[in-house]
Amino acid sequence: MFERLQIVEDRYEQLNELLSDPDVVSDATKLRDYSKEQSGLQETVDVFREYKRVIEERDSAKSLLEESLDDEMKELVTLEISELEEQIEPLEEKLRILLIPKDPNDDKNVIMEVRGAAGGDEAALFAGNLYRMYSRYAEMNNWKIEVIDSSPTELGGFKEIIFMITGNGAYSRLKFENGAHRVQRVPETESGGRTHTSTATVACLPEAEDVDIEILREDLKIDTYRSSGAGGQHVNTTDSAVRITHLPTGIVVSMQDEKSQIKNREKAMKVLKARVYDAAQQEAQAEYAATRKSAVGTGDRSERIRTYNYPQNRVTDHRIGLTIQKLDQIIDGSLDEIIDALIIEDQAHRLESLNTND
């Protein structure tokens, strides 16, 4: 582990030199890439240097004990050694976690797709609740949220809503939301007071940049058609809606949220890139199926991951067996307690895998 940490620190120092090189400073691409790489190494290097400082101070204190000291001084030095040694194990554990290979998508923005599934109108209403939950969570983190496309229902829910959350580390926090979310509650339309069960699905995709994936124009089939539903005077009068098909994968994205065909095309391409990138990643990871099965955040999107039980004010995440009696707070956006627990569990799995490989 310490050999790997030393390599990280050496690379950090090398990047320091590169970032002061005039040739790099004048090259915007290299400057951006090196700065990003250095920033990614910063915490590991800081903790490693703190660890080395503690080790050095402890060893120096131990060497003092070999000298002629009075009883009072020996007691002080022994106490100092004890305090320093208490710091070592937590620092070592933090370094092990920092050495876990980072998900390259963690720093990206995220495109989320929430759809009502089983349960009709109640499922659509629950999809609306989930959208509001993620919107509130984004606000709490000072992230920007933008609706890309939506299919609202008359009762105030959504058959489907696609939105982007822009902010530092958005994907790293929200990637564990992939899957089927189940709600148990008495619907407003239920006169008998019976509890119903409905579901909504959530897909969480990292925003794909041009450097991540190349989509060729000849691989696309683009159709335009007239919008339907709410949309103002342009609805049914202009071909503003856009449907883009990625021929190699068969992925289709339709967009009619904007009155402008150009804006609909831009939004559709953004979603298409994210879906094609996600599909490519899923295919590339297929050979690691056993690892993915044990990991927290990479399950099948049809898998039921969480239940929201309104009568008991309870939320249960089935992947890690976590139950919290704070549904009212969680549905209002207070997701950190669940997300932190999922991240810790995921780190434990990946650390175990790393140790096994070593």
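Check the entry above for the structure.
Counting from 1, residues in each chain are numbered in the order their sequence is written. With the structure being a predicted model, the display of local features is reserved for residues of pLDDT at least 70 and the display and counting of side-chain atom pairs for 80 or more, all residues being used for whole-chain, interface and lining totals. In computing side-chain properties, one takes all heavy atoms of the structure into account and sets aside hydrogens as well as water.

Asker: Before we move on, could you go through the sheet that holds strand S5 (residues 196-206) and cite the residues and values that matter?
Answerer: Pairing between strands is defined by DSSP: at least two bridges between the two strands are required. In this description a helix means any DSSP run of H or I spanning at least four residues, a strand means any run of E spanning at least two, and both kinds are numbered starting from the N terminus. Pairing is mixed across the open sheet formed by eight strands, whose spatial order is S2-S3-S1-S5-S4-S9-S10-S11. Looking along the sheet, the strands with just one partner apiece sit at the ends: strand S2 (144-152) and strand S11 (322-324). For this sheet the average axis-to-axis angle between neighbouring strands, irrespective of direction, equals 15°. Bridge count between strand S10 (residues 314-317) and S11: three bridges; the pairing is antiparallel. The residue bridging Asp317 from the neighbouring strand is Leu322, located in S11. Between the N-to-C directions of two axes lies an angle of 0 to 180 degrees, each axis being a line fitted to C-alpha atoms and, for a helix, fitted only over the stretch in contact.

Asker: Help me get a handle on helix H4 (residues 71-98), residues and values and all.
Answerer: Expected helix span is taken as 1.5 Å per residue step, with the number of steps being one fewer than the number of residues. Over its 28 residues, H4 extends 41 Å from the first C-alpha to the last, a length consistent with the 40 Å expected when each residue adds 1.5 Å. Here's how the labels work: a residue is buried when its accessible area is under 20% of the maximum for its type, exposed when over 50%, partly exposed in between, all with a 1.4 Å probe on protein chains only. If you check which residues of H4 are buried, you get Val77, Ile81, Leu84, Ile88, Leu91, Glu92 and Leu95. Each element contacted by the buried residues of H4 is listed here: helix H1 (2-18) and helix H3 (28-65). Pairs of N or O atoms within 3.5 Å make up the polar contacts considered here, provided that, within protein, one atom can donate a hydrogen while the other can accept it, and that residues adjacent in sequence are counted only when both atoms are side-chain atoms. At the N-terminal boundary of H4, the capping side chain belongs to Asp70, with an oxygen 3.2 Å from the backbone nitrogen of Glu72. Contacts are assigned to residue pairs that have any heavy atoms within 4.5 Å of one another.

Asker: Kindly report on the environment of Ser63, identifying the contributing residues and their values.
Answerer: With respect to the helices and strands, Ser63 occurs in helix H3. On a C-alpha basis, the gap between Ser63 and Val77 in space is 9.9 Å, while along the polypeptide they are 14 residues apart.

Everything listed here is a matter of coordinates, which is why it stays silent on function.
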